[in-house]
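# Remarks on the overall topology
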Amino acid sequence: MGLQQLKAEAVKLSPEERLELISAIVESLQNAPVSQGDRFTAIKRMRGLLTTDRPAPTDEEVAVMLEERRTKKYSK
């Protein structure tokens, strides 16, 4: 599966699944050696990816999302 195809599939995931995907990607990169220049470039790109036109969720909305995630995770 190519990068473009992977991106297209990622957009189809629910927000919770996308967050899990991001976590998995970050974990996979934690042990990989990265030079300072590469790190700076990656940070700039990630900031751009996280930009959204929607307002940040409120504390109450975050609490609801966390509770839903816990319920889903521990009800298996």
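The structure we're discussing is the one just above.
Summarised in this report is the structure supplied together with it. (Residues numbered from 1 in each chain as written. Predicted model: local features only at pLDDT ≥ 70, side-chain atom pairs only at ≥ 80, totals over all residues. Heavy atoms only, no water.)

## A word on a nonpolar patch on the surface
- Judged by side-chain polarity, Ile43, Met46, Leu49 and Leu50 come together as a nonpolar surface patch covering roughly 430 Å² of accessible area.
- If you trace the backbone, Leu50 turns up in helix 3 (residues 36-50). (Patch = residues over 30% accessible without salt bridge, like charges linked within 9 Å, V, L, I, M, F, W, Y side chains within 5 Å. Areas by Shrake-Rupley, 256 points an atom, 1.4 Å probe, with all protein chains shown as cover. Salt bridge = Lys/Arg side-chain N within 4 Å of Asp/Glu carboxyl O. Helix = DSSP H or I, 4+ residues; strand = E, 2+ residues; numbered from the N terminus.)

## Side note on the pattern of salt bridges
- In this structure the tally under the stated criterion is three salt bridges.
- The residue Lys12 makes a salt bridge to Glu9 at a minimum N-O spacing of 3.2 Å.
- A relative accessible area of 65% places Lys12 in the exposed class.
- For Glu20, the salt bridge goes to Arg69, with nearest N and O atoms at 3.9 Å. (Buried < 20%, exposed > 50% of the residue type's maximum accessible area, 1.4 Å probe, protein only.)

## Regarding the environment of Glu16
- Mapped onto the secondary structure, Glu16 falls in helix 2 (residues 15-30).
- Note: C-alpha distance between Glu16 and Leu66 (50 residues apart in sequence) is 9.7 Å.
- Residues within four places of Glu16 in sequence aside, it is in contact with Glu68 and Arg69. (Contact = heavy atoms within 4.5 Å.)

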